[in-house]
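Now for the letters of each chain:
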There are 4 protein chains.
Amino acid sequence: MKYENGKVSELKIAYIGGGSKGWAWALMSDLVQADDISGTVYLYDIDRKAAEDNKLIGQKYNEVEGAKSRWEYEVAHDLKTALTGADFVIISIMPGTYDEMQSDVHAPEQYGIYQSVGDTVGAGGILRTLRTVPMYEEFARAIKEYCPTAWVINYTNPMTLCVKTLYRVFPEIKAFGCCHEVFGTMKFFVKILQQYYGIENIQREDVKVNVIGVNHFTWLTSAKYKHIDLFEVYKKFCAEHPEGMPQNADDNWMTLPGKTTERVKMDLFKRYGYIAAAGDRHLAEFCPANWYLDNLDVVKEWGYGQTPVSWRIDAILKHRIEESKKFISGEKPLELRPSGEDGVNQIRALLGLHEMITNVNLPNVGQIPNLPLGAVVETNAIFRTDEVRPVAAGNVPACLYSMIARIVGEQEAIDEAAAERNLEKAFAVFVTDPQLKISLKEARALFDEMVENTKEYLAEYLQK
Amino acid sequence: MKYENGKVSELKIAYIGGGSKGWAWALMSDLVQADDISGTVYLYDIDRKAAEDNKLIGQKYNEVEGAKSRWEYEVAHDLKTALTGADFVIISIMPGTYDEMQSDVHAPEQYGIYQSVGDTVGAGGILRTLRTVPMYEEFARAIKEYCPTAWVINYTNPMTLCVKTLYRVFPEIKAFGCCHEVFGTMKFFVKILQQYYGIENIQREDVKVNVIGVNHFTWLTSAKYKHIDLFEVYKKFCAEHPEGMPQNADDNWMTLPGKTTERVKMDLFKRYGYIAAAGDRHLAEFCPANWYLDNLDVVKEWGYGQTPVSWRIDAILKHRIEESKKFISGEKPLELRPSGEDGVNQIRALLGLHEMITNVNLPNVGQIPNLPLGAVVETNAIFRTDEVRPVAAGNVPACLYSMIARIVGEQEAIDEAAAERNLEKAFAVFVTDPQLKISLKEARALFDEMVENTKEYLAEYLQK
Amino acid sequence: MKYENGKVSELKIAYIGGGSKGWAWALMSDLVQADDISGTVYLYDIDRKAAEDNKLIGQKYNEVEGAKSRWEYEVAHDLKTALTGADFVIISIMPGTYDEMQSDVHAPEQYGIYQSVGDTVGAGGILRTLRTVPMYEEFARAIKEYCPTAWVINYTNPMTLCVKTLYRVFPEIKAFGCCHEVFGTMKFFVKILQQYYGIENIQREDVKVNVIGVNHFTWLTSAKYKHIDLFEVYKKFCAEHPEGMPQNADDNWMTLPGKTTERVKMDLFKRYGYIAAAGDRHLAEFCPANWYLDNLDVVKEWGYGQTPVSWRIDAILKHRIEESKKFISGEKPLELRPSGEDGVNQIRALLGLHEMITNVNLPNVGQIPNLPLGAVVETNAIFRTDEVRPVAAGNVPACLYSMIARIVGEQEAIDEAAAERNLEKAFAVFVTDPQLKISLKEARALFDEMVENTKEYLAEYLQK
Amino acid sequence: MKYENGKVSELKIAYIGGGSKGWAWALMSDLVQADDISGTVYLYDIDRKAAEDNKLIGQKYNEVEGAKSRWEYEVAHDLKTALTGADFVIISIMPGTYDEMQSDVHAPEQYGIYQSVGDTVGAGGILRTLRTVPMYEEFARAIKEYCPTAWVINYTNPMTLCVKTLYRVFPEIKAFGCCHEVFGTMKFFVKILQQYYGIENIQREDVKVNVIGVNHFTWLTSAKYKHIDLFEVYKKFCAEHPEGMPQNADDNWMTLPGKTTERVKMDLFKRYGYIAAAGDRHLAEFCPANWYLDNLDVVKEWGYGQTPVSWRIDAILKHRIEESKKFISGEKPLELRPSGEDGVNQIRALLGLHEMITNVNLPNVGQIPNLPLGAVVETNAIFRTDEVRPVAAGNVPACLYSMIARIVGEQEAIDEAAAERNLEKAFAVFVTDPQLKISLKEARALFDEMVENTKEYLAEYLQK
């Protein structure tokens, strides 16, 4: 890494999961739009072909009109090569295949348990966690060995447990987890401000929020735009739009099927007085099953949609594979547009090129005093040269504490179960999840079946 | 109060709810069995006749064979008279009448929600709390005014919220809450020890346990009898008795209908590795509805019973009214036997007559480091002259944290709702309870109905 | 207060101590340089003439070339008038007169105790605190009554105890304390960066520091300018300048007699590896007497100077009185230049006009996890619309903990002594201060003498 | 270990420092007075001859009239032999020889620094710590390897740092530190109670105290004998005995030269309102140099004495060597009397033979909420089968916080310095100690000299 004339060159970024279609392209696009950093991205992926393809795409980004910096791309065949000497490590993997995801999301349906995403909590989230943790243990050990002072940015879900595992294995790691769900709520405010006040050209970052909670179940305890208290605006909006948003505030490419009406969020606001800041699809999964996910009709009533794995495959994956080919062949030209993600700006802040405040996932060192120390929580943090410092978010309000502490407990317990490769402990957590509305006997059958379905990734658990 | 020759005389004990049939008699009996304390008990009760009757019964206890000390009884017509100059205050009231209790326990049944006790958590517990808190605020203010240095012992349920309210209103209060549920588990160990080891004459107090949690959802993280690790013994017992206890370990008069088989407790142990230390009836109510309380058949399958209010009235209340008359008339002679309660021994310890360690409910000052400070928790404490100091119970284990923190959160939130007389906040808590397995709409209807049923006691809430 | 077109008008600022010569003028100058805020400043001062003079001067600032906004000035004859409806309250008073200050700073010299400032800790700081706390209790009560939602900015020393008293009396107050001492160290870095790297036009704010400690004994655990680690630069500077700075980094009008060489700071850095961020005059007073303040020769050796009260009177006070007259008469024209203080920018941030991160004094809510909750500490905080949130500063490093926790303890104890108006408790703190290198008997004599000297302001203590 | 009929046999106790004259004999004597435990003590000592001698003496104790149990003694030539299979480990060593102790205690005198004991804090305590920590790291590693579930009782000074090192190296260790200093204060109360109330036959254990602080600077925040508040009694005693105790309350063989008058303790009580509970010799060393240790005349004035190393050698060591010979030869018969130490009773409690509450040194898990977690503190704890649980001691009172937090900080910093074998860090701590009343330059010279004097034990530090 070389710092000269306000620019940093010769950066090395290791990208674990570098064959990713989606996150990787967003990063590539954001990188060439930053005029003050340049370097090489090492793409590591167990799907080497995907990494090779992305190398070609990445190189092409340098040629897109409007590119302000130049980035080289290398395919790394092992973690050692990818990580050695890295200044930054980005992790965005898919733990397992769509087959495992199919089991995560849909196996519970035979018991009447419907999940809108199934990657964070609930039956699907827990099984996904069990197979992800061993992978992250390996990453953490490799980072400790090959680039212990690198900054590590995680995008993979289950976010909380990925970050937790990194810190558990290597407590001195400089890692944090990023998620765009809060941004969606901020953009929602931007829309409301336009509607009510006619204010144009507001950037998402102009909305100032205090974030508290855990990933995908984050809440705002204050939200302001300049002097405007957005809680008041939101209250008015809710009163005037009992049917919710006509369309989703967040319409970027990462939004999954169906626009949401934000009605789950508005219902929570009405009852708790705080604003939940994640997509309704995620929020619903943290609540009791009988609220928003009792069956698919209820989901529909609440104005959002389930994300079936078939859709992920048919509408997203196939489309992206097609796109990838066309990008490489040149049939489809690459375009530059801001991804809306914070990653590149965070990198720039950590290099001292600017300062920023944004929400990230970090172990609790007191930023939320009434949650356990060491649990991974999501709050604002300031980003400066080589440091990320959480901002004091305050206590979780009394009315939310039960719901948030419950999930923190579930996550700490699944961390313990996964660390010990202990399926019985995992089952004990499984049945306490508020989505698991079935009897203990049925829950056992479901758990066993989901383990069986994904056993290829649970070998270390099954040996015990 | 006078201390002479190792004895304390001229004690003043104020008994709020002094017309109680049951708790009051147990106290009277225990008092005269203590040879080193004597004094006067001031009985205060809104049912003045009941207090008058208890005065007569109390006086008679002095004459029972085996009585070692003498106690006077006075009926106090107001709190001021009862409390002024009191050394100890005992509170054991019934908040509301059996009509309200009928609503608490049985109104939810029309929605398929069954409660085994309904006085602590869940729909019934929450409604009971709403009407109890204002009463306890009054007690706290009166204690602050008339006897600020008295020790206050609470027996009323909801235990946690009663103690919380006392401390919220008068933070310097010297109060704690006592409950015999943990003792039941200790006696269960006594039985197992007899069965496996043939050890006779073990006292409940000889079993040494580390208690952690909240009232009625207390857990043991260690249990020993001398050198014997009772966790190992318990594990063996569970393996050898898949159908549970042939009969209940705790067969004193306070055990409500039906003997329990301890199967809920054993099921929890199998899954979590720690021993839940309360009656199965209580434990079940803290767990998801689908585990042990899905319907009355499930209750039966798990080998315990619901406590219907009709039984409380027919089997308990009527019987005791009859008994009371007979005690007064002399038709039925009073007898002395240890109640198994700790109250009188705690009083003796606070007077410096001996030292003891037992479990009580107190605000968290760090005895459970991973629960919020100020929340009322149940752990061991040492009792010495004029002090009760909690013992460091350690962190709630990861696998239990979700379930325990959830209820702590629920209780802190209901405290806030009750303090503000805010029914909307109360409803927000109501729907998060894991027993409320119904839709939000149904929950609203049920809540409104339960409020209507008990509105006589919720006037301050309804004015808002 | 009116918000329109990105500007706020009709602000009401109450200035307690509004007759101040120095701080008040700096504020007036900064106010008219801000183009997006305007309103009225209510000047309250027990020296009403001084407030009247400042009203005239304040009005004149509107006419100075370069003034971008207009501010009205009113003299308030009582706190009620000053505070009612205030949006902001600024407090900058002199507690007592120069006579009391004379005793604070110089009375201890007869016992060989020399103080460089004498307004924060040590014999002088403690006596000053005793007379300041009752005044701040009055301010807090008045703010609670007349403008409970106003933001309160304190500039008075002893900073820590002033802020502590405000929060003790009115826990919901929105108050913080500001001090420019850390800025001095930041400017020192600016100078070094120019010297070593030839970088010009660096603003103090471009230096990014992590601040930890208590006011006047604040430490930096990291310091960066862009990618440059200023700890490395500082280390080099210390090695190359064993005699310290040729002249002081901080040469604004508030710097008291003599330029400092920064040698105290450099000596501390050499030994502890962290950078103390306050003037040497302040730092020395927090260290054992034998280090830097054993006698005036030692002071001189370490390259800094004592601030005698005579100098404050002769060089500062008289000069300013003269200046005040000339400003009013027009003999001396007012000039606009940035004061270097953060106050006006903080006000703008709290109004939502921009966002900033700066160091302030606030009760510890966990920003420094290993110091007691509730103690007033100095760390960074983010300023946004109507909120100031501390940034997690991390634990006090082990090597500094003894020195910092000691002073925190001293301040918490003097708070208790002052709150109770208890001179015996105050004496108990007095003798533990590390500057009090005399025998217990001498300390008693000194304390009694200093109380006698300032008894006019200690009436409530002496009645006890 | 075998448990039968309420007795435990075949215990294995490893005694590190088993050649000790004094502590070892006290243990031997206490062991044979316990009728319910028996087994073998493995004596390990770098002075093997001393261990051999103690083996002979230990065996003889079995024959003393009144011996109720039988103990075998073995000399272990290495830690592995001593520790393998041990149920308990006792550590009581002298770190270094009397030469090093001579330097610790007396080298500072040439700079006018007088120490009454010199083994805990101050110049002597710090140097002693530096050579002790590496030894304790070795013990901790060996315990982890050979007997990880054994209970470890430490008697060596510096107590706090010995216990800290054990936990730092092996966090799961079951270790605690015991010290009889608090007992001395309890015995003092026993004497006062006899004097004022004529109560005879009070046992030290009948006095109930709440202990808070760090070893040798422990304080009582409450003290009761039955209903009697000993703070009131103590206050009366202090008023009536301005010259202190006619003779020391604690006259057992471990009291070093000169009886103390308790005047230091009484002076502290008068000022702080809490009772310091350690010998005056220890207390004085935690206070500023100018209070009680300014010179030997001051020491005398305060009615206590320094413990010169020459006295340790001449009066204690020589006497004991002589005694040892006589014990072995039979010239002097062994006698049984209670040592007053808690060790054997603690062992019995940990075996489940009884329950006890006593003060011990343990890492802070919240027993003192306003001191840093992990710091070793002294409070009460309950001892039960295989567990030691601290009792909530409450916050350090405001008036004591400065003095106690300061020393906690010093100890945490010296732990870091020693762990890193970093003499510069050690020096940084050295100069902050309140006894180091000399200039920085002199302090440097003294430190270097003391390092030189004890360099044989500081090799690992000097290699750096």
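Residues numbered from 1 in each chain as written. Chains lettered and ligands numbered in written order. Predicted model: local features only at pLDDT ≥ 70, side-chain atom pairs only at ≥ 80, totals over all residues. Heavy atoms only, no water.

1. With respect to the overall build of chain A
Looking only at helices and strands, chain A has 18 helices and 14 strands in total. Since a compact globule built from 464 residues should have a radius of gyration of about 23 Å, the 21 Å found for chain A is in line with a globular shape. By principal-axis analysis of the C-alpha atoms, chain A measures approximately 60 × 60 × 45 Å. Here chain A, with 464 residues, has 67% of them falling under the buried criterion. Considering only residue pairs separated by 6 or more positions, chain A has 73% of its internal contacts joining residues 24 or more positions apart. (Helix = DSSP H or I, 4+ residues; strand = E, 2+ residues; numbered from the N terminus. Rg over C-alpha atoms; globule rule 2.2 N^0.38 Å. Buried < 20%, exposed > 50% of the residue type's maximum accessible area, 1.4 Å probe, protein only. Contact = heavy atoms within 4.5 Å.)

2. Here we look at the relation of the copies chain B and chain A
Here chain B sits on chain A after a turn of 180 degrees about the axis and a move of 0.0 Å along it, with an RMSD of 0.0 Å. Such a combination of rotation and displacement between the chain copies is what one expects of a two-fold axis. No C-alpha of chain B lies nearer the rotation axis than that of Arg406 of chain B, which sits 2.5 Å from it. Mapped onto chain A, 100% of the interface residues of chain B are again interface residues, and the two copies thus contact each other with one and the same surface. (Least-squares fit on C-alpha atoms with pLDDT ≥ 70 in both.)

3. Some words on the interface of chain A and chain C
Of the residues lining the interface, 27 residues belong to chain A; the matching set on chain C comes to 27 residues. For the chain A and chain C pair, buried surface summed over both sides reaches about 2,400 Å², with 54% attributable to carbon and sulfur atoms. For the pair chain A and chain C, the interface holds two salt bridges. Glu355 of chain A is paired through a salt bridge with Lys208 of chain C; the nearest N and O atoms lie 3.2 Å apart. Here chain A is connected to chain C by 18 residue pairs in polar contact (both at pLDDT 80 or more). Looking at the side of chain A that touches chain C, the elements that each hand over two or more residues are β8 (207–214), β9 (217–225), β13 (376–384) and β14 (387–390) of chain A. By residue class, the composition of the side of chain A that touches chain C is eleven nonpolar, eight polar and eight charged. (Buried area = accessible area lost by both parts, 1.4 Å probe. Salt bridge = Lys/Arg side-chain N within 4 Å of Asp/Glu carboxyl O. Polar contact = N/O pair within 3.5 Å; in protein donor to acceptor, adjacent residues only side chain to side chain. Nonpolar A, V, L, I, M, F, W, Y, C, P; charged D, E, K, R; others polar.)

4. Some remarks on helix α5 (residues 122–146) of chain A
The first and last C-alpha atoms of α5 of chain A sit 35 Å apart over 25 residues, in line with the 36 Å expected at 1.5 Å per residue. Taken across its 25 residues, α5 of chain A has 20 buried, putting it largely inside the fold. (Expected span 1.5 Å × (residues − 1).)

5. Focus on the relation of the copies chain A and chain C
The two copies are related by a screw motion: chain A maps onto chain C through a turn of 180 degrees and a shift of 0.0 Å along the axis, at an RMSD of 0.0 Å. The fraction of interface residues of chain A whose copies in chain C are also interface residues reaches 100%, indicating that both copies meet through the same surface.

6. Focus on the arrangement of the chains
Separated throughout, chain B and chain C approach each other most closely at a C-alpha pair spaced 12 Å apart. For chain A and chain D, which are not in contact, the least C-alpha distance works out to 12 Å.

7. Remarks on the interface of chain B and chain A
At the junction of the two partners, chain B supplies 31 residues and chain A supplies 31 residues. When chain B packs against chain A, close to 2,400 Å² is buried across both sides, 67% of that on carbon and sulfur atoms. Our count for the chain B to chain A interface comes out at zero salt bridges. Where chain B meets chain A, there are ten residue pairs in polar contact (both at pLDDT 80 or more).

8. Observations concerning the pairing of strand β7 (residues 174–177) of chain A
All names here are of chain A. Direction of pairing for strand β6 (residues 151–154) relative to β7: parallel, over a ladder of four bridges. Bridge assignment links Asn154 to a residue of β7, and that residue is Gly177. Remark: the β6/helix α6 (residues 159–169)/β7 crossover connection has right-handed handedness. (Pairing = 2+ DSSP bridges. Right-handed = clockwise from strand over helix to strand, strands pointing away.)

9. Things to note about the domain arrangement of chain A
Residues and elements named next belong to chain A. As far as domains go, chain A holds domain 1 (2–179 + 322–347) and domain 2 (180–307 + 348–464). The gap between the C-alpha centroids of domain 1 and domain 2 is 21 Å. Across the contact, 68 residues belong to domain 1 and 74 residues belong to domain 2. Across the interface of domain 1 and domain 2, roughly 5,900 Å² is buried in total on both sides, 62% from carbon and sulfur atoms. Together, Tyr111, Ser116 and Cys179 form the three largest contributors to the area buried by domain 1 at its contact with domain 2, with a combined 13%. Between the two partners, domain 1 and domain 2, sit six salt bridges. Of the charged contacts, one joins Arg421 and Glu137 as a salt bridge, the two residues approaching to 2.7 Å between their closest N and O atoms. At the boundary of domain 1 and domain 2, one finds 36 residue pairs in polar contact (both at pLDDT 80 or more). (Domains from an automatic or database assignment.)

10. Observations regarding unusual backbone geometry
Here Asn157 of chain A and Pro158 of chain A are connected by a cis peptide whose omega angle stands at 0 degrees. With respect to the element layout, Pro158 of chain A can be found in the loop between β6 and α6. Even without being glycine, Asp386 of chain B reaches a positive phi, approximately 55 degrees. Of note, Asp386 of chain B is situated in the loop between β13 (376–384) and β14 (387–390). A residue is classified by how much of its surface remains accessible, and Asp386 of chain B, at 36% relative accessible area, is partly exposed. The phi angle at Arg421 of chain B is positive, at roughly 50 degrees, despite the residue not being glycine. Relative to the assigned elements, Arg421 of chain B resides in the loop between α15 (398–419) and α16 (423–430). With relative accessibility at 9%, the residue Arg421 of chain B sits in the buried group.

11. Structural notes on the packing of helix α15 (residues 398–419) of chain A against α15 of chain B
As a packed pair, α15 of chain A and α15 of chain B sit with axes 7 Å apart at the nearest point and diverge in direction by 175 degrees. Judged on the interaxial angle alone, α15 of chain B and α15 of chain A are roughly antiparallel. Facing α15 of chain A, whose interface residues are Ala398, Cys399, Tyr401, Ser402, Ala405, Arg406, Gly409, Glu410, Glu412, Ala413 and Glu416 of chain A, α15 of chain B presents Ala398, Cys399, Tyr401, Ser402, Ala405, Arg406, Gly409, Glu410, Glu412, Ala413 and Glu416 of chain B. Taken together, the residues of the contact of α15 of chain A with α15 of chain B sort by class into ten nonpolar, four polar and eight charged. (Axes fitted to C-alpha atoms, helices over the stretch in contact; angles between N-to-C directions. Parallel < 35°, antiparallel > 145°, perpendicular 65-115°, else oblique.)

12. Observations regarding the pattern of salt bridges
On inspection of all chains with the given rule, the structure shows 130 salt bridges over all chains. Arg384 of chain A serves as the salt-bridge partner of Glu355 of chain A, at 2.7 Å between the closest nitrogen and oxygen. Linking Glu355 of chain A in the loop between α14 (343–350) and β12 (356–363) with Arg384 of chain A in strand β13, this pair joins segments that are 29 residues apart in sequence. Put simply, Glu63 of chain D and Arg70 of chain D hold a salt bridge, and the shortest N to O gap is 3.3 Å. Here the salt bridges share partners, and the residues they tie into one network are Glu137, Arg141, Arg168, Asp415, Arg421 and Glu460 of chain B.

13. What about the state of the cysteines?
A covalent bond between the sulfur atoms of two cysteines is what we call a disulfide. In this structure the tally under the stated criterion is zero disulfides over all chains. No disulfide involves Cys238 of chain B; its nearest neighbouring cysteine sulfur is the one of Cys399 of chain B, lying 15 Å away. You can see Cys178 of chain C has no disulfide; the closest cysteine sulfur is in Cys179 of chain C, sitting 8.6 Å from it. Assessed through its relative accessible area of 7%, Cys178 of chain C is described here as buried. (Disulfide = S-S within 2.5 Å.)

14. A look at the confidence of the model for chain A
Across chain A, pLDDT averages 94, with 97% of residues at or above 70. Between residues 251–258 of chain A, whose pLDDT stays under 50, and residues either more than four places distant or in other chains, the model counts 23 contacts. (pLDDT = per-residue confidence, 0-100.)

15. What to know about helix α7 (residues 181–197) of chain D
Residues and elements named next belong to chain D. In this model α7 runs 24 Å from its N-terminal to its C-terminal C-alpha over 17 residues, within 8% of the 24 Å that 1.5 Å per residue would give. Those residues of α7 not exposed but buried are Glu181, Val182, Phe183, Gly184, Thr185, Met186, Phe188, Phe189, Val190, Ile192 and Leu193. The positive-phi residue at the C-terminal boundary of α7 is Gly198, with phi of around 65 degrees.

16. Looking at the environment of Leu423 of chain B
Residues and elements named next belong to chain B. As for its placement among the helices and strands, Leu423 is situated in helix α16. The class for Leu423 is buried, based on a relative accessible area of 14%. Separated by 41 residues in the primary sequence, Leu423 and Lys464 have C-alpha atoms spaced 8.7 Å apart. Excluding residues within four positions of it along the chain, Leu423 makes contact with Leu130, Phe447, Val451, Tyr461 and Leu462.

17. Focus on the packing of helix α16 (residues 423–430) of chain C against helix α17 (residues 440–453) of chain C
The description of two packed helices rests on the angle between their axes and on the distance between the axes. All names here are of chain C. Close contact between α16 and α17 brings their axes to 10 Å; oriented N to C, the two are set at 130 degrees. Taken together, the axes of α16 and α17 are oblique relative to one another. Classified by chirality, the crossing of α17 by α16 is right-handed. For the pair α16 and α17, contact is made by Leu423, Glu424, Ala426, Phe427 and Phe430 and by Leu440, Ala443, Arg444, Leu446, Phe447, Met450 and Val451, respectively. Across the contact of α16 with α17, the residue classes tally to ten nonpolar, no polar and two charged. (Left-handed = near helix turned anticlockwise from the far one by under 90°.)

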